[in-house]
Structure formats: C-alpha cells, structure tokens
Amino acid sequence: MRSVEVDDSWSFKDLGRLQTSYLTHDYHKYPAKFIPQLTARFIKENSLIGDLVCDPFMGSGTTLVEAIVNGRRAYGTDINPVAVLISKAKTTPIEPAYLKDQISHLLGDIKSSMGMKHLGQMSLLASNDVHLDLPDNNRLGYWFPEKQMVDLAIILSRINQIDDQDVKIFSLCAFSNILKGCSRWMMKSVKPTIDKEKVIADAYKSFVHQTRRMMIKNDEFWKILGTKDFDCVVDNVDAYKMRLKDDSVSLIVTSPPYVTSYEYADLHQLTAIWLGYAEKLSEFRSKFIGSIQKCDHLSIDLYSKLGRKTVNELRQIDKREANGVERYFFEMQMCFQEMHRVLKHGGTAFIVIGDTELKRVGIHNADVFIQTLEKFGFKVYKVIKRPIPSKILPLTRDKKTGRFIAALKADRLAYPFEYILTMVKI
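Residues numbered from 1 in each chain as written. Predicted model: local features only at pLDDT ≥ 70, side-chain atom pairs only at ≥ 80, totals over all residues. Heavy atoms only, no water.

Considering all chains together, one arrives at 17 salt bridges under this definition. The shortest N-O distance in the salt bridge between Asp151 and Lys147 comes to 3.0 Å. Residue Asp151 and its partner Lys147 are located together in helix H8 (residues 146-159), separated by four residues, close to a single helical turn. Judged by relative accessible area, Asp151 falls into the buried class, the value being 2%. Overall, the relative accessible area of 34% leaves Lys147 in the partly exposed class. A salt bridge links Asp247 to Lys425, with the shortest nitrogen-to-oxygen separation between them at 2.8 Å. (Salt bridge = Lys/Arg side-chain N within 4 Å of Asp/Glu carboxyl O. Helix = DSSP H or I, 4+ residues; strand = E, 2+ residues; numbered from the N terminus. Buried < 20%, exposed > 50% of the residue type's maximum accessible area, 1.4 Å probe, protein only.)

Strand order across the open sheet formed by seven strands is S3-S2-S1-S4-S5-S11-S8, with mixed pairing between neighbours. Lying at the two open borders of the sheet, with one neighbouring strand each, are strand S3 (232-235) and strand S8 (378-387). In this sheet, adjacent strand axes meet at a mean angle of 15 degrees when their direction is disregarded. Those strands touched by helix H2 (residues 36-46) are strand S1 (52-55), strand S4 (249-254), strand S5 (343-353), S8 and strand S11 (417-425), and its axis lies near 160 degrees from that of S4. (Pairing = 2+ DSSP bridges. Axes fitted to C-alpha atoms, helices over the stretch in contact; angles between N-to-C directions. Contact = heavy atoms within 4.5 Å.)

Attention now goes to the packing of helix H3 (residues 62-69) against helix H10 (residues 203-225). Helix packing for two helices is described by the angle between their axes and how far apart those axes are. Closest axis-to-axis distance for the H3/H10 pair is 10 Å, and the angle between their directions is 40 degrees. Accordingly, the angle class assigned to the pair H3 and H10 is oblique. For the pair H3 and H10, contact is made by Val65, Ile68 and Val69 and by Phe221, Ile224 and Leu225, respectively. Split by residue class, the contact of H3 with H10 holds six nonpolar, no polar and no charged. (Parallel < 35°, antiparallel > 145°, perpendicular 65-115°, else oblique. Nonpolar A, V, L, I, M, F, W, Y, C, P; charged D, E, K, R; others polar.)

Among the structural elements, Lys198 can be located in the loop between helix H9 (165-178) and H10. This buried residue, Lys198, is left without a salt bridge; Asp195 holds the nearest opposite charge, at 6.5 Å. There is a polar contact of 2.8 Å between the side chain of Lys198 and the backbone oxygen of Trp185. (Lys, Arg positive; Asp, Glu negative; His and termini not counted. Polar contact = N/O pair within 3.5 Å; in protein donor to acceptor, adjacent residues only side chain to side chain.)

One non-glycine residue with positive phi stands out, namely Lys359, at about 55 degrees. Tracing the chain through its elements places Lys359 in the loop between strand S6 (356-358) and strand S7 (361-363). Of the residues examined, Lys359 reaches a relative accessible area of 22% and is grouped as partly exposed.

Here we take up H9. Compared with the 20 Å implied by 1.5 Å per residue over 14 residues, the 20 Å span of H9 between its first and last C-alpha is a close match. In terms of burial, H9 is largely enclosed, as twelve of its 14 residues are buried. The set of residues buried in H9 consists of Val167, Lys168, Ile169, Phe170, Ser171, Leu172, Cys173, Ala174, Phe175, Ser176, Asn177 and Ile178. Contacts from the buried residues of H9 go to helix H4 (81-90), helix H5 (96-114), H8, H10 and helix H12 (269-274). You can read the cap of H9 off the contacts: a side-chain oxygen lies 2.9 Å from the backbone nitrogen of Asp166, and it is on Asp164. (Expected span 1.5 Å × (residues − 1).)

Another point: the pairing of S5. With eight of its eleven residues buried, S5 lies for the most part within the structure. In terms of strand pairing, S4 meets S5 through five bridges, oriented parallel. Paired with Ile252 across the strands is Ala349, a residue of S5. The sheet contact formed by S5 and S11 spans six bridges and is antiparallel. Paired with Thr348 across the strands is Val424, a residue of S11.

Here it is as structure tokens:
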C-alpha cells in the first residue's frame, strides 16, 4: 500500500470547525468522528435518492445524518450503547417550539430541585423526599466531587421522568456530553487521567449551555427534515449480525475501529457509568470488536496471509496482544462477510481505515482488509490515500506499547494518513 500516492483532494484541510459541525453533527464529542463532507461526497457520488445507505460501525451517526439529509434511506449499527444514544439524538429532528417548551420545563424543574441543596450535600443524598438517579458504582466518586455528583444525579433524575422518548434521548445526549467537563478528567487527555488542578464545571450551567446549543442545531435540522418522511434505523447489534435483507444495500460507508478499539470504551466510561451501560469497565470493554477481555473461545481461521504473518510476529513479543489482534482480524472478517451479504451486486463499499503499530509491529490494516474482502467476492475499484488533518482522533502513541498517550508525552503521530478502500461486490 506504500505505493499509493496521497490524494490531497480528500483531506478537506481548508474546512474549519464551523464547516464540519453543521446540523446535528456537533451534538456530542466522539473519537475518530467522520468529517461529514467526506461521507456526503461518498453518498452523493455513489448512490441515488431513495437508495439504502449502511454504516456497520456507525459511531456517532455521521453517515446516517448525511444519508437522510440527502434523500437516502439509512441503516446503522454499533455495539457501543453510547454511540446508539448519540446517533438516535442526531437523526431525530424535533419541532423547535415544542422542544423549547419541553427543555424550558425541564430546566425549571431541575433548578427547583437544586434549590433543596440548603439541606446539605450528604443529607440530600440520603433524603427520602428527593429521588436521585445516582449509580451504584465505585468509580463515581473517583471521577466526580460530591457537589457534581448530586447536581448530575438531580439532572439525570429529571431527564428520566420525561415521557416523550425523543426529548428524553435529546436530553440524555446533552447530559452525556457535559460529563467530562463536570469530572476530574483532564480535558486534553486522550486517556482517563485525573487533573488535580482542574476547575470543574458547574453541572447545571453546563447542561443549560449544552441544551441551548443543541436546540440551535435542531432548528437547522428541522428546517431540512422536519416535515419530510425519511427512513433511518439506528441499531445496537454486532456489525456481523445486521438486521438487513440480502442484497438490499446500495452503498456502505464506514470507518471500522482499529485493533485496540476497546480503548475507546475508556473514553466513554463516564456515560457508561451514569447511564448504567455496564457495572464494570472490563464488562464495557468486552463488547468492543477485538477485545482481549472477551471470555468466549472462537475457532479462528484468518483468510489474510498478511494477517496471519502479523499475528505470528506479534506473538513472539506479546502473546496476549497477539491474541487480541488475531481476534480483531477475525471479527472484521465476519463483518466483511456480512457486508457482502447485505450489499447489492455491483454495490460499493467505502471503508476508511489507517495502518498503525502495536509493540513496534506494523499493523497494515488496509492490506489485510483488502486480502480478506477479495476472499468474499469484493473487487478493488480504487484505493485513496488521504491526509487526516481534520479527523478527530487520538493522534499520538507511545512507541514502546503502541497505545494512545497524552500528546505532551508522545513521540510520534499515530495516523498521519488513512486509506479509503473502494470495494465493489462482484
């Protein structure tokens, strides 16, 4: 893959945050988020109005939003419940006046509940008169001071009383996005790191600001889709178990996770704790593709010769990590088989992936993917190599471990570019 020349036309390097955060794309921060202009270009150039567009690793739902605003039907799935929450919020326009009234009522109710804090923090936590949705998780006190815990519990309790599911999901998405700022988590760190000097944000003010910002974006979204019928399914199943008919998808646009994708679970752990997605971080991690914390025993047969070679090379250095990479390649193999099943003959899959390194062993994902995809009946139409100056990624790794690390401590960029694999089902 080294012979492929960089195509700067796919970098979108001239776009600033304002251009890439239009509509609902700015609802929630998310690692490795697609630039919406990238997915829009795929969709407009390779599908027709009414076609079904699929993203088996939908993440925060960028592909789904671009599909429905451009008149296509959309199906996306992700095993991460945080991704499902965000994607549902981002793909659901709500009538602006109604939403404004609902959020105004919610904020007033929260403020009124917080007025009881003259009782004192501990007495409020123990009060029988005030119901608080406070998770029973020992990591809560690690990340959050008591004041923020109480305030966040009040906010979550009132959100959970909302009857309208669309408004409830909208509000939960806003709640999720303020958690990092309201915690001890170091804001610029790509790893879960305590910042002892951090000025922790006020939960109520943060929630007010976040909901108002999202309402502005919802207004934009409503003007495009509010009065139109559109078809969008947000699913929560593995990418190799999609609930789609054979030969039903016209276009696949996706960016699969990398070999250490379970690290992304760390970045979402605050939401997972508060919304009860997992009692333990290890349990949450185990859901992600290629996780070394899965307990089942698969019979693995890799189709890619390069994939087998990579695993064997890594096994000489670290057997546990090698097992994780082997499992990752095998689970991606199952996903590719599923992509082939649902895609129409002659349909195109755009798969965006970069190479990386683990324990100083090169992980050439693009080449492994191509070898695997060809085994299932895909043909390479084109491979594009694009710089990624705008993609939101943890861009730095430690050369010894290959894992994400704080930028100030890192010695190199992890993904200076990535590949767009254009694969056609033959």
